[in-house]
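As a plain string of letters, each chain reads:
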Amino acid sequence: MSKFYNRELSWLGFNYRILSEAKDKTLPLMERLKFLSITASNLDEFIMIRIASLKDMVHAKYTKKDIAGLTPKEQLEAISLGTHELVNAQYNTYNRSFLPSLKRQGLKIITQYENLTKDQAAYVDRYFLKEVYPVLTPMAVDSSRPFPLIRNKTLNIAALLVDKKHKDAIDFATVQVPSVLPRVVPVPSEMEGETAVILLEQIIEKNIQKLFLNYKVVAASPYRVMRNADLTIDEDEAADLLIEIEKQIKKRQWGEVIHLEVESGIDKRLLRILKKELRIAEEDIFKINGPLDLTFLMKIYGMEGYEHLKDAPFHPQTPKNLDMNRDLFEQIRQGDILLHHPYETFDPVVNFVRLASKDPDVLAIKQTLYRVSSNSPIIASLAQAAENGKQVTVLVELKARFDEENNIVWARKLEKAGCHVIYGLVGLKTHSKITLVVRREEDGIRRYVHLGTGNYNDSTAKLYTDMGMFTCKRPFGEDATAVFNMLSGYSEPLVWNKLSLAPNWLRDKFVSLINRERDNAIDGKPAKIIAKMNSLCDAGIIKALYEASAAGVEIQLIVRGICCLKQGIKGMSETIHVRSIVGTFLEHARIFYFENDGNAEIYMGSADWMPRNLDKRVEILFPVEDEKLKTEIMHILEVQLSDNLKAHILLPDDVIDKDKDSPVKIYGGTYKKADHRGKPGISAQMTFCKEARENR
């Protein structure tokens, strides 16, 4: 028996946990709809990156087994089964639950063109001729016109055509559903109080004959492909990393097709042509009982008039540790300041950079940027600071997956403004979240530092739960300077005062902290670990946790997504308990608590317990030393460990019936919702929302 779960199947289990929120009828209908849309967008990325990576391994005849004992080929086989199960579950939920529930609430999604009334059909046909027809580009395939490039993730209509003059010849054509037009199209409803909508691809499919006047369309059906989008960049050979990444981004549009979605009723001849031309295996074809690409449900969620079917919006509150009307630098000098997003507003972080950009006493600003918003106020402030004559150094991580194009734009804007832009270190992603402001004051130079667990993104800061800390303590300032010197040059400090960095020091730091708890337990001293993160799949860390558990250390893990650790194994992981919280906000903070014989230490940082974070990225772990702040963080952890409404509990293997369960459960672990029967219901996220309002 393997001591580990498979990473990819554990991730599929995480997406099932999100799907369970879509099925939870205690939630408002539109909130459930949003969760179903999230499962679809998550699955797209999983296919384009994780499945693509495994396919590359199989093509390269790579046979090394993963920590769960599966070869890449065996992983693909199990993932294929699990992914088909997940897609079937998604569409069962959509068809059996959402369509009738939405209709009862006065929102009808028209599933069949034939269900349109005569007046609706006439309206839709006019809409096609006026709005859609001028945008379409039908592409025929014959001896002189090869099969066209089908762009990644686009929705298309395939058609079989018969020449009206030469009735024996059957031709193939394809039309891309234009992304520049709304996919959800409102149509007039004849029932008072009802809103009716139809999807754009249905309109095109039923009017496709108008695109081929000399032909008879004998069959038409939507389809969608996904391609290998895992970028391969030889940084040593790339003279200009920015230009090389731009080239690789374009290649995403014509990478290997690894996934084909078609409607379940597609004509067999059409499917045969698509399968041949796209060179796709049978197991990678998904026959969908419903509309392709359920991410359109976010458009339904955004429709006006259905606020009563949503949660009341939560607005981030003023941090209880900050007076927004007082000088921020002065408040940081008085003591470290903790921020808890999105319950507390991200504005202090934005203001930190904005104030520094205008403050005549500020000499330099240095910052790492991994993902930023499309209209980032932080970028604007950094550019303004450079124009104001300050020394501005910005590390923009060009290799942030699916944000490469956005980051290239920002990098060029910052360079144009006069900032010194760094593109990161060769072979490593810079994932750390740190800002350094150097200020001249009456008693000399003082360094102000912000350290965080999440990105400098003012948009996602309203959706992701993260932690941040302001400090101007000298040891932190010295370490922050050393971080940027290391990133911009080749200077590595001999020792660090407070910070621990990956890839050179962080793994050893974590293992040392875990082993200290193990040794304390062996010696009969108080020993406990609480760790909160996004993912846990590093074999070395898990083995250290197993050893600590075997020694009697109580270990509580709050792991949102992937967890390759098995709990409840006799003599190995009996004292380990794993929970995953899936709620309104995306759990993103990384917090680590170590009992340390009654002298508790708390750390926060940017790194999960994954090989990529510990070995292939620049990450920062920082201690929280102020006793008041440590008390606040312990409260956060305790509330999350008390959650019995949104928490999913990982079960030991011996409660799983492996003969009947799916490969996701067998190789990825099984979770069940926490039991709150007979107890007060506790949602950590709602508790923090309530506390943030009360602390205003």
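Predicted, not measured: the structure shown is a model, and the values here were computed from it.

Scoring rules and cut-offs
Residues numbered from 1 in each chain as written. Predicted model: local features only at pLDDT ≥ 70, side-chain atom pairs only at ≥ 80, totals over all residues. Heavy atoms only, no water. Helix = DSSP H or I, 4+ residues; strand = E, 2+ residues; numbered from the N terminus. Rg over C-alpha atoms; globule rule 2.2 N^0.38 Å. Contact = heavy atoms within 4.5 Å. Areas by Shrake-Rupley, 256 points an atom, 1.4 Å probe, with all protein chains shown as cover. Lys, Arg positive; Asp, Glu negative; His and termini not counted. Charge placed at Lys NZ, Arg CZ, Asp CG, Glu CD. Axes fitted to C-alpha atoms, helices over the stretch in contact; angles between N-to-C directions. Parallel < 35°, antiparallel > 145°, perpendicular 65-115°, else oblique. Left-handed = near helix turned anticlockwise from the far one by under 90°. Nonpolar A, V, L, I, M, F, W, Y, C, P; charged D, E, K, R; others polar. Pairing = 2+ DSSP bridges. Salt bridge = Lys/Arg side-chain N within 4 Å of Asp/Glu carboxyl O. Buried < 20%, exposed > 50% of the residue type's maximum accessible area, 1.4 Å probe, protein only.

Focus on the overall build of the protein chain
When you go through the protein chain residue by residue, the secondary structure sums to 19 helices and 27 strands. In terms of C-alpha radius of gyration, the protein chain reaches 27 Å, essentially the compact-globule figure of 26 Å for 696 residues. In terms of overall dimensions, the protein chain has a C-alpha envelope of 90 × 65 × 60 Å along the principal axes. Residue pairs in contact within the protein chain that sit at least 24 positions apart in sequence constitute 74% of those at least 6 positions apart. Of the roughly 30,500 Å² of accessible surface on the protein chain, 49% is carried by carbon and sulfur atoms. For the protein chain, the distance from the average site of its 97 positive side-chain charges to the average site of its 95 negative ones is 4 Å.

Things to note about the packing of helix H2 (residues 29–59) against helix H3 (residues 72–104)
For the pair H2 and H3, interaxial distance at closest approach is 11 Å and the crossing angle is 160°. Put simply, H2 runs roughly antiparallel to H3. With respect to the hand of their crossing, H2 and H3 are arranged in left-handed fashion. For the contact of H2 with H3, the per-class residue count stands at 19 nonpolar, six polar and three charged.

A look at the sheet that holds strand E8 (residues 257–263)
Taken together, six strands build an open sheet; the order of strands is E2-E4-E3-E7-E8-E9 and the sheet is mixed. Every interior strand has two partners, whereas the edge strands, strand E2 (139–141) and strand E9 (285–288), have only one. Neighbouring strand axes in the sheet, compared pairwise and without regard to direction, differ in orientation by 30° on average. Pairing of E8 with E9 involves four bridges; the strand directions are parallel. When the bridges of E9 are listed, Glu263 appears paired with Ile288.

Topic: the pattern of salt bridges
All told, the structure shown has 35 salt bridges when counted by the stated rule. Put simply, Lys55 and Asp284 hold a salt bridge, and the shortest N to O gap is 2.8 Å. A residue pair is termed long-range when its members are at least 10 positions apart, and Lys55 in helix H2 and Asp284 in the loop between helix H7 (268–278) and E9 qualify at 229 residues. Residue Lys55 is classed as buried on the basis of its relative accessible area of 12%. Between Arg677 and Asp675 there is a salt bridge whose closest N-O contact spans 2.9 Å. Salt bridges sharing partners connect three or more residues here, namely Asp44, Arg183, Glu201, Arg224, Glu261 and Asp293.

Let's talk about unusual backbone geometry
Cis geometry marks the peptide bond from His341 to Pro342, where omega comes out at 0°. Mapped onto the elements of the fold, Pro342 is located in the loop between strand E10 (337–341) and helix H10 (347–358). At the junction of Ala502 and Pro503, the peptide bond is cis and its omega measures out at 10° in the coordinates. Within the fold, Pro503 resides in the loop between strand E18 (500–502) and helix H14 (506–522).

Considerations on the sheet that holds strand E6 (residues 195–199)
As summarised here, the arrangement of the three strands in space is E1-E6-E5, forming an open sheet in which the pairing is mixed. Whereas interior strands pair on both sides, the edge strands pair on one side only; in this sheet they are strand E1 (107–109) and strand E5 (184–187). If you compare each strand with its neighbour and ignore which way they point, the axes differ by 30° on average. The pairing of E1 with E6 spans three bridges and is parallel. By the bridge assignment, Leu107 is partnered in E6 with Thr195.

A closer look at the environment of Ile266
In this fold, Ile266 is placed in the loop between E8 and H7. Residue Ile266 is classed as buried on the basis of its relative accessible area of 10%. For Ile266, the residues in contact, after removing those within four places along its chain, are Ser221, Leu271 and Leu274.

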